[in-house]
Amino acid sequence: MALRFVHCSDIHLLDLEGVGVHRFLNKRLTGGVNLALGRRKAHSPHLFDAIIDRARALKADRLVVTGDVTNLALEAEFELVRRKFGEAGLPVTVIPGNHDAYTKGSVRNRRFEQYLNAFMEGERQAGHDYPFVQRFGGVALIGLSTAIATLPLYATGRLGGGQLARLDAILKELGEEGVARVVLIHHPVVEGVAKARHDLLDLDAFGEVIRRRGAELILHGHEHIHLEGELPGPDDAAVVHGIASGTALSQKPGRNGAFSLYTVAPEGIHRAHYIWDGDEFVAGQESTH
Ligand SMILES: [Fe+2]
Ligand SMILES: [Fe+2]
């Protein structure tokens, strides 16, 4: 049986109204708040509502969001995201991005996981949040976290040796079962794609795991631009798709707000891409792998 899901990323939902003034006095957040206010002109939460409406109209089984659901990892932002996901009218799968670990405090309190664990239910090794595996017949979604608190102006990510070892074992087992493996990761995984200080620090080690075990599809966000690539596997190459921000108002090619509808089965992958034309999401390219 195929899994039909909508993928979007980097929705950066912002609700500054629910945020107490003391938050703005936190020095670490000053730059972030300026950034977030600037971002308000570049992104519109209205587009995320439009994606949900289209996902339902397209009869998608599920919505998959690959991180950066907030800007500053504040409680008020996670509250808003949890409500939006809960009211979406279809199941949601989410993984964190670097903005969802914006401060050390948010990481220490496991704020992302505390608020959004209902959307990350699945099989996992005891004592570890990631990777989690959601199985749908012959298809599995494998959720990773690259979210780490970084210095200001850094947007790097890291999987870490423990998570990579667990991923290795999961891909091996699912591969032997003939399951179509869809890996969800926030940061780009193809070399040379991420901007400086914006990259996945253990990209090579991730590539080694894929080379050894393979994967059918790898979905990411983070760079807010449309990207297509692949990573070598033991047999076939893993297809890698990076998607622009789901809520971007930009009309620059590749940077428009976007989502994709995937139909994934062990036999193959079909993708239908949709882009924001300034007014609505319109059907674009279709591809089969
Ligand atoms: Fe982002
Ligand atoms: Fe990001």
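Shown above is the structure to which this text applies.
Keep in mind it's a predicted model, so treat the numbers as computed, not measured.

Visitor: Is there a simple way to think about the environment of Phe132 in this case?
Guide: When you line up the elements, Phe132 lands in strand β4 (residues 132-136). The class of Phe132 is buried, set by a relative accessible area of 0%. For the pair Phe132 and Leu153, spaced 21 residues apart in sequence, the C-alpha to C-alpha distance is 29 Å. Aside from chain neighbours lying at most four places away, what touches Phe132 is Thr93, Val94, Ile95, Met120, Glu121, Glu123, Arg124, Leu141, Ile142 and Gly143.

Visitor: Where do I start with the packing of aromatic side chains in this structure?
Guide: For the structure on display, the rule yields 9 aromatic pairs. Centre to centre, the rings of Phe78 and Tyr115 are 5.8 Å apart; their planes meet at 20 degrees, and the pair counts as stacked. Of this pair, Phe78 sits in helix α4 (residues 75-86) while Tyr115 sits in helix α6 (residues 111-116), and the two are 37 residues apart along the sequence. According to the relative accessible area criterion, Phe78 is buried, its value standing at 0%. A relative accessible area of 15% places Tyr115 in the buried class.

Procedures and definitions
Residues numbered from 1 in each chain as written. Chains lettered and ligands numbered in written order. Predicted model: local features only at pLDDT ≥ 70, side-chain atom pairs only at ≥ 80, totals over all residues. Heavy atoms only, no water. Helix = DSSP H or I, 4+ residues; strand = E, 2+ residues; numbered from the N terminus. Buried < 20%, exposed > 50% of the residue type's maximum accessible area, 1.4 Å probe, protein only. Contact = heavy atoms within 4.5 Å. Phe/Tyr/Trp six-rings, centres within 6.5 Å; stacked < 30°, edge-to-face > 60°.

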